[in-house]
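Here's the letter readout for the chains.
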Amino acid sequence: MRPSRRAPDELRPVSLERGVVKYAEGSCMVKFGDTHVLVTATLEERLPPWLKGQGRGWVTAEYGMLPRATLERTRREAAAGKQNGRTVEIQRLIGRSLRATIDLEALGERQITVDCDVIQADGGTRTAAITGAWVALADCIGWMKSRNMVKTHVLRDNVAAISCGIYNGTPVLDLDYAEDSEAETDANFVMTGDGRIIEVQGTAEKTPFSEAEFLALMALARRGVARLVDLQKMAVG
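Let us look at the structure shown here. (Residues numbered from 1 in each chain as written. Predicted model: local features only at pLDDT ≥ 70, side-chain atom pairs only at ≥ 80, totals over all residues. Heavy atoms only, no water.)

## As for the packing of aromatic side chains
Moving on, step 1. The final tally for this structure, using the stated rule, is two aromatic pairs.
Moving on, step 2. Each ring, one from W50 and one from W58, has its centre 5.0 Å from the other, and the planes form 80°; the classification is edge-to-face.
Moving on, step 3. W50 sits in the exposed class, given a relative accessible area of 52%. (Phe/Tyr/Trp six-rings, centres within 6.5 Å; stacked < 30°, edge-to-face > 60°. Buried < 20%, exposed > 50% of the residue type's maximum accessible area, 1.4 Å probe, protein only.)

## Considering the environment of A129
Moving on, step 1. As for its placement among the helices and strands, A129 is situated in helix α4 (residues 125–146).
Moving on, step 2. For A129, a relative accessible area of 0% translates into the label buried.
Moving on, step 3. Linking A129 and D115, residues 14 residues apart in sequence, is a C-alpha distance of 9.1 Å.
Moving on, step 4. Ignoring any residue separated from it by four or fewer positions in sequence, one finds A129 in contact with V37, V39, I94 and C116. (Helix = DSSP H or I, 4+ residues; strand = E, 2+ residues; numbered from the N terminus. Contact = heavy atoms within 4.5 Å.)

## Observations regarding the side chain of E179
Moving on, step 1. Along the chain, E179 falls in helix α5 (residues 177–180).
Moving on, step 2. Residue classification places E179 among the buried residues on the basis of a relative accessible area of 0%.

## A closer look at the nonpolar core
Moving on, step 1. The biggest cluster of nonpolar side chains holds 62 residues, and the ones touching the most others in it are I94, I112, V114 and C116.
Moving on, step 2. The residues touching V114, leaving out its near neighbours within four places in the chain, are V39, T40, A41, V59, T60, A61, E62, L98 and A133. (Core = buried A, V, L, I, M, F, W, Y, C linked by side-chain atoms within 4.5 Å.)

## Focus: unusual backbone geometry
Moving on, step 1. Of note, the phi angle at R5 is positive, near 65°, even though the residue is not glycine.
Moving on, step 2. In this fold, R5 is placed in the segment before β1 (14–18).

## Some words on the environment of D186
Moving on, step 1. Turning to its location among the elements, D186 is positioned in strand β8 (residues 185–192).
Moving on, step 2. Residue class for D186 comes out buried when judged on its relative accessible area of 14%.
Moving on, step 3. Note: C-alpha distance between D186 and Q201 (15 residues apart in sequence) is 8.3 Å.
Moving on, step 4. Ignoring anything within four residues of it in the chain, the contact list for D186 reads C164, G165, L175, D180, Q201, G202, T203 and E205.

## Topic: the sheet that holds strand β9 (residues 197–204)
Moving on, step 1. If you walk across this open sheet you meet the four strands as β7-β6-β8-β9, and the pairing is antiparallel. What marks the edges here is a single partner per strand, and that holds for β7 (170–173) and β9. On average, adjacent strands in this sheet sit at an angle of 15° to one another, irrespective of strand direction.
Moving on, step 2. Direction of pairing for strand β6 (residues 159–167) relative to β8: antiparallel, over a ladder of eight bridges. (Pairing = 2+ DSSP bridges. Axes fitted to C-alpha atoms, helices over the stretch in contact; angles between N-to-C directions.)

## Some remarks on the packing of α4 against helix α6 (residues 211–236)
Moving on, step 1. Where α4 contacts α6, the axes come no closer than 10 Å and their chain directions differ by 30°. One finds that α4 runs roughly parallel with respect to α6. The interaxial crossing formed by α4 with α6 has right-handed handedness. Counted together, T131, W134, V135 and A138 of α4 and L228, Q232 and V236 of α6 form the full contact between these two elements.
Moving on, step 2. Of the residues belonging to the contact of α4 with α6, the class tally is five nonpolar, two polar and no charged. (Parallel < 35°, antiparallel > 145°, perpendicular 65-115°, else oblique. Left-handed = near helix turned anticlockwise from the far one by under 90°. Nonpolar A, V, L, I, M, F, W, Y, C, P; charged D, E, K, R; others polar.)

## Side note on the environment of R56
Moving on, step 1. With respect to the secondary-structure elements, R56 resides in the loop between β3 (35–44) and β4 (58–65).
Moving on, step 2. Using a relative accessible area of 24% as the deciding quantity, one classes R56 as partly exposed.
Moving on, step 3. At 3.1 Å, the side chain of R56 and the side chain of Q54 are in polar contact. (Polar contact = N/O pair within 3.5 Å; in protein donor to acceptor, adjacent residues only side chain to side chain.)

## Some details on the sheet that holds strand β2 (residues 26–32)
Moving on, step 1. Overall, mixed pairing links the five strands, which are arranged β1-β2-β3-β5-β4 in an open sheet. Whereas interior strands pair on both sides, the edge strands pair on one side only; in this sheet they are β1 and β4. Between one strand and the next, the sheet's axes are offset by a mean angle of 15°, whatever the strand orientation.
Moving on, step 2. With respect to the sheet, helix α2 (residues 85–99) is in contact with β4 and β5 (111–120), its orientation differing from that of β4 by roughly 145°.
Moving on, step 3. α4 contacts β1, β2, β3, β4 and β5 of the sheet and is inclined by roughly 35° relative to β3.

In structure tokens form, the structure reads like this:
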């Protein structure tokens, strides 16, 4: 039995609320159960110096966790003077995931920065951030289209992410913290709307896992991502 009493293939309650920040070109409050992430997408008419003159744009991401997003207060990274390795890894993952399905040439010589701020963490912050980031990015592209800044389909597909793991010997979907902290294996899957894989991160926390167990996790992830993509499509209309 899972601590949450969910079925092995059951997601936590998921919500994607758009337009939650007045000034951002795109925004989304994403909730995977008790994991809540505020995502904003900002359009800028500038590019990193190494991209100038190449006729294409860029999408990048930043990720952070508020001090009381967790059970005990976490010191702000700004106070420490640098980002920790986990933060850098996650924001690079978010950026890669979003760029995988965007036509950077159609975007033009502009940059979209997606900020993901974890308000409350209960496992799966990176997967929630990626799923909500796509909604904020889609809204930013919609904002541009309404102003005739882009004329073609910039977003080629959806992107969503979900965690899976082996808990008490059973493959389960969408780990909360209680499961993640005790899982024998945990993994994160980032996929497109048509089921292609962008990235897989998998780790044996206690004992190595078999190919059959990995395939069981992959099957769970495919079903979970398909549900998340349906929710994204409903959110953006």
